[in-house]
Amino acid sequence: MATDEQLALTRALSGDGGLGVEESTLVSIIGKWRKKPEHISSFRKSFNRLFSITGHIEKCEDDHMQKLVMEFSRFHQITVLWAMHPHERDARWANQVIHKNHPSSILVEIASTRSAEDLLGARRAYQTLFHHSLEEDVAYQVKDSKSKLLVGLVSAYRYEGQKVDNDVAKSEAKALHNALKTAGANKIIEIDEVVRILSTRSKSHLKAVFKYYKELHGKYLEEDLSGDALLQQTVLCLDSPASYFSQVINSAFKEGANHAETEGLSRVMVSRSDVDMEEIKEAYAKLYGAKLADVISKKTRGYFRDSLLSLAGEAKA
C-alpha cells in the first residue's frame, strides 16, 4: 500500500491535474528519503505509469519522461521570458512562427496588440538577432495567402491618436462587407483593400469601422469571417485584445490542449502583465464566469502556478 509520501510524489510527477510540477513537494521528499533507497525503489514499483519492469530494473517510460521534462521547464521558461527585454521576446516569438512552424496567430498577436513603438522595437530586435528584417522573412517564408496580410501587419506604424473620420469609417465598413460578398470568407484575405484597412488604420479608426459594420449589417465582422481563422484573430486583436488574450489563456486550460496552446499561457501572462492584465481578468470573468486567479490555482502547480499568480497581480502575501 502506497504511503502518503509516495502518493504526494506520484501526484507531483504524474503530469495530471495541472501544468507544472510541485517542486516543493519533490524537494521535501528528496530530503526525507536521503539514505533510504528502499523508499525510492518502492515508489518506482508503485508508479507504473512512469516506470515499467524491464529485466531487473524499473525503467523510466520515455513518453512520460518527455512530458515531465516539459512540465519541469515551464517555470524556467517563464522566468527567462519575464527577464528578457519585451522587444527581444517578440522578435524570438516571431522567429519561431517563421522558422519553427509555430502558429501564425502569434505573429498577428504581436503585430496587432503592441504599440507602434513596441512593434518597431521588435522589428529592430529581429534584425539584430537574425540578420534579416521581419518583413523580409515573413514575405519570403510564408508562401500562402496569409503572406500579404502578415507582411502588412508587421510593417505597420499606426497612428495612435483618437481622431476618427466617421464618414471614412462607414465607407470602409461597407468596403469590408462588399469584399466578403464578392470573395467570400475564404478568399477575402487576398483582397488588397481589406489588407490595407486592417494593416494601416489606427486602432481607434478600426473600432469605429467594426462598430459601423455591426450597425449596417447586423452582425459582428468576426462572425462573418468564420471561414478564415487568421482574419478573425486579427479583427479580435485589433478590436478587443483583452477578449483575445482571455481566449488564448482559456485554450491552455482545456482538456487535450496541444503544446502551442499551453505555451500561449506563459506568453500572454508575461507579455501582458504590465500592460492590460486588469482588463484581461475582467474579460476572462465575463467570458468564462470564473476568476482567472481561481482557474490558475486549480489548473497549474508549483512554482509555475506561483509565477502566473504573481504576473496576474494575485500573489499571496
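All values reported here derive from a predicted model rather than from experimental measurement.

Colleague: Even after reading the chapter, I still don't get the overall build of the protein chain, so can you show me in this structure?
Modeller: Of the regular secondary structure elements, the protein chain holds 19 helices and two strands. Seen along its three principal axes, the alpha-carbon backbone of the protein chain occupies a region of about 80 × 40 × 35 Å. By the burial criterion, 45% of the 317 residues in the protein chain qualify as buried. In the structure as shown, the protein chain presents an accessible area of about 16400 Å², 52% of it carried by carbon and sulfur atoms. A gap of 2 Å separates the mean positions of the 44 positive and 44 negative side-chain charges of the protein chain.

Colleague: Got a minute to help me understand helix α10 (residues 166–183) in this structure?
Modeller: With 18 residues, α10 should cover 26 Å at 1.5 Å per step; its first-to-last C-alpha distance of 26 Å lies within 8% of that length. Considered for burial, the residues of α10 that qualify are A169, E172, A173, L176, H177, A179 and L180. Relative to the axis of α10, the buried residues are bounded by an arc of 155° and lie together on one face. Every exposed residue of α10 that faces more than 90 degrees away from the buried side is listed here: D167, K181 and T182. Its buried side turned inward, α10 meets α11 (192–200), α12 (203–217) and α13 (221–224). Put simply, D165 is the residue that caps the front of α10, since its side-chain oxygen is 3.1 Å from the backbone nitrogen of D167.

Colleague: Help me out: how do you make sense of the packing of helix α14 (residues 229–239) against helix α15 (residues 241–253) in this one?
Modeller: In helix packing, the relevant descriptors are the interaxial angle and the interaxial distance, both defined with respect to the helix axes. Contact pair α14 / α15: the axes reach a minimum separation of 5 Å and the direction vectors enclose 125°. Here α14 is positioned oblique relative to α15, judged by the angle of their axes. When α14 is examined against α15, the residues Q233, L236, C237 and D239 are found in contact with a partner set consisting of P241, S243, Y244 and Q247. Residues that form the contact of α14 with α15 fall into these classes: four nonpolar, three polar and one charged.

Colleague: Is there a simple way to think about the packing of aromatic side chains in this case?
Modeller: Each aromatic ring pair is described using two quantities: the centre-to-centre distance and the angle formed by the ring planes. Throughout the structure, instances matching the rule amount to seven aromatic pairs. The interplanar angle of 55° and the centroid separation of 4.9 Å between the aromatic rings of Y126 and F130 together place this pair among those described as tilted. One end of the pair is Y126 and the other is F130, both in helix α7 (residues 116–130) and four residues apart, which spans about a single turn. On the basis of relative accessibility, which here comes to 0%, the residue Y126 falls in the buried class.

Colleague: Would you mind showing me how to read the environment of R92 here?
Modeller: Take R92: it is sitting in helix α5 (residues 86–99). Judged by its relative accessible area of 33%, R92 falls in the partly exposed class. For the pair R92 and Y126, spaced 34 residues apart in sequence, the C-alpha to C-alpha distance is 7.3 Å.

Colleague: Please clarify how the pattern of salt bridges should be interpreted in this entry.
Modeller: Two side chains that carry opposite charge are able to pair once their charged atoms sit near each other. Within the structure shown, the criterion is met by 25 salt bridges. With its nearest N and O atoms 3.5 Å apart, the salt bridge here joins E263 to R74. Taken together, the residues span a long stretch of sequence, with E263 in helix α16 (residues 259–272) and R74 in helix α4 (residues 62–83) at a distance of 189 residues. Each member of the pair E263 and R74 is classed as buried. One network of salt bridges, in which partners are shared, links E172, E193, R196 and R201.

Colleague: For this particular structure, what's the right way to read the layout of surface pockets?
Modeller: Gaps left between atoms show up when a probe the size of a water molecule is rolled over them. Its boundaries defined by the atoms lining it, the largest pocket holds a volume of some 400 Å³. Forming the boundary of the largest pocket are 21 residues, of which Q77, L81, W93, Q96 and E263 lie nearest the centre. Of all the secondary-structure elements, those providing two or more residues to the lining of the largest pocket are α4, α5 and α16. Partitioned by chemical class, the residues of the lining of the largest pocket number eight nonpolar, eight polar and five charged.

Colleague: Sorry if this is basic, but what is going on with empty space enclosed by the protein here?
Modeller: Under the criterion given, the structure shown has one cavity of 30 Å³ or more. For the largest cavity, the full set of lining residues is L176, I188, V194, L198, L221, L225, L231 and V235. Looking at the lining of the largest cavity, the elements with two or more residues in it are α11 and α14. For the lining of the largest cavity, the residue count by class is eight nonpolar, no polar and no charged.

Colleague: Please explain unusual backbone geometry as it appears in this structure.
Modeller: Even without glycine at this site, K35 takes up a positive phi of about 60°. Among the secondary structure elements, K35 is positioned in the loop between α2 (23–32) and α3 (37–46). When its relative accessible area of 69% is taken as the criterion, K35 is described as exposed. Phi angles above zero are rare outside glycine, and N101 is one such case at about 60°. Position of N101 among the secondary structure elements: in the loop between α5 and α6 (104–113). On the accessibility criterion, N101 (72% relative accessible area) is exposed.

Thresholds applied
Residues numbered from 1 in each chain as written. Predicted model: local features only at pLDDT ≥ 70, side-chain atom pairs only at ≥ 80, totals over all residues. Heavy atoms only, no water. Helix = DSSP H or I, 4+ residues; strand = E, 2+ residues; numbered from the N terminus. Buried < 20%, exposed > 50% of the residue type's maximum accessible area, 1.4 Å probe, protein only. Areas by Shrake-Rupley, 256 points an atom, 1.4 Å probe, with all protein chains shown as cover. Lys, Arg positive; Asp, Glu negative; His and termini not counted. Charge placed at Lys NZ, Arg CZ, Asp CG, Glu CD. Expected span 1.5 Å × (residues − 1). Arc of directions from axis to C-beta. Contact = heavy atoms within 4.5 Å. Polar contact = N/O pair within 3.5 Å; in protein donor to acceptor, adjacent residues only side chain to side chain. Axes fitted to C-alpha atoms, helices over the stretch in contact; angles between N-to-C directions. Parallel < 35°, antiparallel > 145°, perpendicular 65-115°, else oblique. Nonpolar A, V, L, I, M, F, W, Y, C, P; charged D, E, K, R; others polar. Phe/Tyr/Trp six-rings, centres within 6.5 Å; stacked < 30°, edge-to-face > 60°. Salt bridge = Lys/Arg side-chain N within 4 Å of Asp/Glu carboxyl O. 1 Å grid on protein atoms, 1.4 Å probe; cavity = no way out; pocket = protein on both sides within 12 Å on 5 of 7 lines; lining within 4 Å. Points joined across faces, edges and corners; volume = space filled by probe spheres on them.

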